[in-house]
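Here's the letter readout for the chains.
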Amino acid sequence: MIPATSADVVVIGGGITGLSAAQAVLEDRPGASVVLLESSDRLGGKIATIDLDGIALETGADSFLARTPDAVSLCERIGLGDELVSPAVFGAVIADRDGVHRLPSGFVYGLPSSVGAALGAHSLSIAGRLRACRDLFLPGRITDDVSVAAFVTRRFGGQVLDKVVDPLLAGTRAGRVEDMSLAAAMPQIFGVAHSSRSVIRGLDRASKKGVVDNGRPPFLTVSGGLGRVIETLRDRLPAVDVRMETEAIRLERASGYTITTNQGSIEAAAVIVATPAYVAAPLLDGVSGGAAAALRTIEHASVASVALVYEHLDFSPPQGTSGLLVSRSVQQVIAGCTWYSTKWPGSVPDGRSVLRCVVGRAGSDPALETGDDVLSAAVINDVERLLAVHDTPIRTHVTRWNRGLPQYSVGHLQRIDYAENALRRDAPGVMVAGAGLRGSGIPDCIAQGRQAATAAIRSLQPK
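All values derive from a computational prediction rather than experimental measurement.

Asks: Can you explain the overall build of the chain? Please cite residues and give values.
Replies: Along the chain, the regular secondary structure elements total 16 helices and 21 strands. Taking 2.2 N^0.38 as the reference for a compact globule, 463 residues should give roughly 23 Å; the C-alpha atoms of the chain span a radius of gyration of 23 Å, in line with that estimate. Principal-axis analysis of the C-alpha atoms gives the chain an extent of 65 × 55 × 40 Å. Put simply, the chain has 463 residues, and 54% of those count as buried. At a minimum sequence separation of 6, the contacts of the chain that also span at least 24 residues come to 73%. Summing over all exposed atoms, the chain offers an accessible surface of approximately 19600 Å²; the carbon and sulfur share of this is 51%. In the chain, which carries 45 positive and 47 negative side-chain charges, the distance between the mean positions of the two groups comes to 9 Å.

Asks: Residue-level account of the sheet that holds strand β7 (residues 92–96), with values.
Replies: Pairing is mixed across the open sheet formed by seven strands, whose spatial order is β8-β7-β17-β18-β19-β16-β20. In this open sheet, the two strands that pair with only one neighbour each are β8 (99–102) and β20 (395–406). Neighbour-to-neighbour, the strand axes of the sheet open up by a mean angle of 20°, direction not taken into account. With five bridges connecting them, strand β18 (residues 334–339) and strand β19 (residues 353–359) associate as antiparallel partners. Note on β19: the bridge partner recorded for Cys337 is Cys357. Along the sheet, helix α14 (residues 372–387) makes contact with β7, β8, β16 (300–310), β17 (323–326), β18, β19 and β20, crossing β16 at roughly 70°.

Asks: Any chance you could break down the nonpolar core for me, citing the residues and the numbers?
Replies: Ranked by size, the top nonpolar core spans 42 residues in total, and within it Ile16 and Val229 carry the most contacts. Considering every element that reaches this core, the biggest residue donor is helix α16 (residues 442–460), with eight residues. If sequence neighbours within four positions are ignored, Ile16 has contacts with Gly44, Ile47, Leu74, Val229, Ile230, Leu233, Cys445 and Ile446. Counting residues in hydrophobic clusters, the runner-up holds 34 residues, among them Val165, Ala185, Val192 and Ala193.

Asks: Tell me about helix α5 (residues 148–156), residues and numbers included.
Replies: Considered for burial, the residues of α5 that qualify are Val148, Ala149, Phe151, Val152, Arg155 and Phe156. Summarising the axial view, the buried residues of α5 lie within an arc of 165°, below the 170-degree limit, and thus occupy one face. Where α5 is buried, its residues contact β10 (111–112), α4 (126–132), α6 (158–173), α7 (182–185), α8 (187–195) and α9 (199–209). Of the residues trailing α5, Gly157 is marked for its positive phi of about 100°.

Asks: An account of the sheet that holds strand β11 (residues 219–222) is requested, with residue identities and associated values reported.
Replies: What the three strands build is an open sheet, ordered β5-β11-β6; its pairing is antiparallel. Pairing within the sheet leaves two strands with one partner each, and these edge strands are β5 (64–65) and β6 (84–85). As paired strands, β6 and β11 are joined by two bridges and run antiparallel to one another. Bridge pairing in β11 places Leu84 opposite Val222.

Each value, and the rule that gives it
- Residues numbered from 1 in each chain as written.
- Predicted model: local features only at pLDDT ≥ 70, side-chain atom pairs only at ≥ 80, totals over all residues.
- Heavy atoms only, no water.
- Helix = DSSP H or I, 4+ residues; strand = E, 2+ residues; numbered from the N terminus.
- Rg over C-alpha atoms; globule rule 2.2 N^0.38 Å.
- Buried < 20%, exposed > 50% of the residue type's maximum accessible area, 1.4 Å probe, protein only.
- Contact = heavy atoms within 4.5 Å.
- Areas by Shrake-Rupley, 256 points an atom, 1.4 Å probe, with all protein chains shown as cover.
- Lys, Arg positive; Asp, Glu negative; His and termini not counted.
- Charge placed at Lys NZ, Arg CZ, Asp CG, Glu CD.
- Pairing = 2+ DSSP bridges.
- Axes fitted to C-alpha atoms, helices over the stretch in contact; angles between N-to-C directions.
- Core = buried A, V, L, I, M, F, W, Y, C linked by side-chain atoms within 4.5 Å.
- Arc of directions from axis to C-beta.

Everything listed here is a matter of coordinates, which is why it stays silent on function.
Take a look at the structure:
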């Protein structure tokens, strides 16, 4: 088949954002011609399930939050709604300089949702618990974006930051809390702080109304691994011209838009750029210098996932927990560890045990510059020290995500607003979406892909 040289919509990027965008275009406008360009040899981006000696191992995200409907709704639309699986256990312990402690109960997004929760947080000192309650008496609502560190320290004190909030964000965002935007990285907390004088009282009210989670957040995956979502999406998009190993090199304004790739050029009436921000920025140079400049401000952290497979593991996880989060005060190689075979027992057959560790934080991380064997040995050493695991794994597997996690620094959402406004002015019909913009979770990316598709379809209408 001769590749098409024009399309109504060209989607650049074959991760979950781009695939969701392509699907949404066809759902809303079935007759549209859609081309999807993916520079690598696989679809899915940071979603990747591999078969490791019969183990269905996630090397990227292992689940998604179900409290927002986008991922659940997508699974239902593509026929996977009946195959959603909850973790067998969910909860965390935190390692800090004082030892290993349970994540305090009654904390929402790392912050106490009641006075009882603050006073009952035994991982904090008595002074730390009392300091957390000062939020009840401090004046003022937040109006402007601030760093997570500045906000949490002022409202709750340094212990809550170091012993709870920092480990939570290190395990999910690999970021430095001193630089991290509260509005972008913790939008629920920003919203409560904007509307309530006391964050504790605001979280308590929101929890009672069901606006925020008042307990363990519900996570879901798909039986057999999240890779099945990618495979099923691809199978459900036969009308999309998917071009693998096709790198978009340049985007230019023509009667519509011209995308130059390593496999030739293609004309498009609308373009959805669903790539990491550092890939999108040079593409947008040709159509909107302002949008490109804004996206270039987004930094990314490199991380690695290291899986340790044991034939027999003499380790009993604390009851009701699925993993470990590590405070920066401990200065270990790993930022977190999941008892993968306990959390997802259906993924690991034959009684083997799997621990899956995350390495990497924002900025230079020397551990990531070593070879796989050295990195695995360092992770094994951390697991032994922090969890008293003395067994030797029979297999290790390292997956590196170079520049894999976007960092939301203070003012991030304002910069994204500027980029989107610049595109609407300079290049109507070009949309950006993805983890670097308005949320890096799987539901966030799906929602952004669908929103970009709606905007693309709108741009196709006669003016």
